[in-house]
Amino acid sequence: MAQQIKLFTREELKCRNTRDDAILIIHNGVYDVTKFLDEHPGGEEVLLDNAGKEATEPFEDVSHSSDARALMQKYKIGELVEADRTQTKGPYAPQWSNDQAQESGNMRAWMVPIVLAVAATILYRYLFA
Ligand code: HEM
């Protein structure tokens, strides 16, 4: 039988920010890092600073290695409920603003051949009509 994923709300996680009970929210996943505080190569301070809340941005700002990402799975205890999730594409897509910039870039890429085609049609009709 498939294992049930435990779901949490941001509200109930808010107070879990102490040395005795520390969770992090990273890419909509919930991680219990209480036992990891002592072992974190970046120190316990940064983990406690972000405990009980959204830590995706600080986590990604550090550019953690794939080893770190594999390691964090060990501490995963569940995920956020649907209503509290932030929308990202896949687990490692933190660049919301970049996504948007890229989208408008794609639009422009489409526009160029369309405008050229229309211009060519008008020119053709004008010259050969
Ligand atoms: C479950 C969550 C986390 C895990 C498993 C984890 C794991 C690791 C690991 C394995 C490293 C060593 C370097 C590497 O392999 O990338 C590291 C470094 C570091 N981490 Fe984390 N980390 C977590 C969350 C965070 C968060 C939320 C922050 C917040 C700022 C943070 C800040 C740092 C810093 C500052 C370093 C040190 C980089 C250096 O000195 O070169 N980590 N972490």
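Nothing here was measured: the structure is a model prediction, and the numbers come from that model.

Chemist: Would you mind showing me how to read the UniProt feature "transmembrane region" (unreviewed entry) in the chain here?
Modeler: Here, the residues flagged by UniProt with the feature "transmembrane region" (unreviewed entry) are residues 109-127. Taken end to end, residues 109-127 is 100% helix and 0% strand, and its two terminal C-alpha atoms sit 28 Å from one another.

Chemist: Would you mind showing me how to read the pattern of salt bridges here?
Modeler: On inspection of all chains with the given rule, the structure shows 9 salt bridges. One salt bridge connects R19 with E44, and the closest N-O pair in it is separated by 2.4 Å. Of this pair, R19 sits in the loop between β2 (17-18) and β3 (21-26) while E44 sits in helix α2 (residues 44-50), placing them 25 residues apart in sequence. Put simply, K76, E79, E82 and R85 are held in one network by salt bridges that share partners.

Chemist: For this particular structure, what's the right way to read the site of the ligand?
Modeler: Neighbouring residues of the ligand: 17 residues in total, closest H40, P41, G42, H64 and S65. In this structure, H40 approaches the ligand through a side-chain N or O atom, which is 2.8 Å from a nitrogen atom. S65 places a side-chain nitrogen or oxygen 2.5 Å from an oxygen atom of the ligand. Counting only elements with at least two residues in the shell around the ligand, the list comes to β3, α2, α3 (56-61) and α4 (66-72).

Thresholds applied
- Residues numbered from 1 in each chain as written.
- Predicted model: local features only at pLDDT ≥ 70, side-chain atom pairs only at ≥ 80, totals over all residues.
- Heavy atoms only, no water.
- UniProt positions renumbered as here; feature names shortened; annotations may be inferred.
- Helix = DSSP H or I, 4+ residues; strand = E, 2+ residues; numbered from the N terminus.
- Salt bridge = Lys/Arg side-chain N within 4 Å of Asp/Glu carboxyl O.
- Near = heavy atom within 4 Å.
- Polar contact = N/O pair within 3.5 Å; in protein donor to acceptor, adjacent residues only side chain to side chain.

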